[in-house]
Amino acid sequence: MNLYVIRRPSAWSTPAELQAIAARSAKVGNEEMPDRVRWIRSYVVKEADGKLGSFCIYEARDPESIREHAARVGMPGD
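Residues numbered from 1 in each chain as written. Predicted model: local features only at pLDDT ≥ 70, side-chain atom pairs only at ≥ 80, totals over all residues. Heavy atoms only, no water.

> Tell me what's going on with the environment of R72, and back it up with residues and numbers.
Here R72 is to be found in helix α2 (residues 63-73). On the basis of relative accessible area, R72 is assigned to the partly exposed category, the value being 32%. With 44 residues separating them in the primary sequence, R72 and V28 have C-alpha atoms 7.3 Å apart. The residues contacting R72, other than those within four sequence positions of it, are R24, V28, E32 and M33. Side-chain polar atoms of R72 contact the side chain of E68, separated by 2.4 Å. (Helix = DSSP H or I, 4+ residues; strand = E, 2+ residues; numbered from the N terminus. Buried < 20%, exposed > 50% of the residue type's maximum accessible area, 1.4 Å probe, protein only. Contact = heavy atoms within 4.5 Å. Polar contact = N/O pair within 3.5 Å; in protein donor to acceptor, adjacent residues only side chain to side chain.)

Spelled out as structure tokens, the structure:
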């Protein structure tokens, strides 16, 4: 597994939106892709436009696993 940092700029409008997607992300990673993606840590930032963004650190088999996880969750993941 390799280490990746994913930048998600201005992805959420409220802390509640962020919490909901974080729960979905954990479920997908832990239950659907445990052998391909493992979340390590996230840093939430307030963007200049007032929205919330994040820097997320993951271990993953490859970049495509990161992209697939993001797509399954419904969040940016490039």
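Once the structure has been displayed, the description carries forward.
> Give me the nonpolar core: which residues, what numbers.
Within the largest apolar cluster, 16 residues are counted, with the highest numbers of intra-cluster contacts made by W12, I21, Y58, I66 and M75. Where this core is concerned, the elements lending two or more residues are β1 (2-12), α1 (15-32), β3 (52-60) and α2. The biggest single contributor to this core is β3, with four residues. Apart from the residues within four sequence positions on either side, I21 is in contact with W12, V73, G74 and M75. (Core = buried A, V, L, I, M, F, W, Y, C linked by side-chain atoms within 4.5 Å.)

> If you had to explain α1 to someone new, which residues and values would you point to?
Over its 18 residues, α1 extends 25 Å from the first C-alpha to the last, a length consistent with the 26 Å expected when each residue adds 1.5 Å. Residues of α1 that are buried sit in contact with β1, β2 (37-46), β3 and α2. (Expected span 1.5 Å × (residues − 1).)

> Can you break down the pattern of salt bridges residue by residue, with the values?
Considering all chains together, one arrives at eight salt bridges under this definition. A salt bridge links D35 to R61, with the nearest nitrogen and oxygen atoms 3.5 Å apart. Of this pair, D35 sits in the loop between α1 and β2 while R61 sits in the loop between β3 and α2, and the two are 26 residues apart along the sequence. Residue class for D35 comes out exposed when judged on its relative accessible area of 53%. The closest approach of N and O atoms between R36 and E68, which form a salt bridge, is 2.9 Å. You can see R36 sitting in the loop between α1 and β2 and its partner E68 sitting in helix α2, a full 32 residues away along the chain. Looking at R36, the relative accessible area reads 16%, which means it is buried. Given a relative accessible area of 23%, E68 falls into the partly exposed group. Residues participating in the shared-partner salt-bridge network are E32, R36, E68 and R72. (Salt bridge = Lys/Arg side-chain N within 4 Å of Asp/Glu carboxyl O.)

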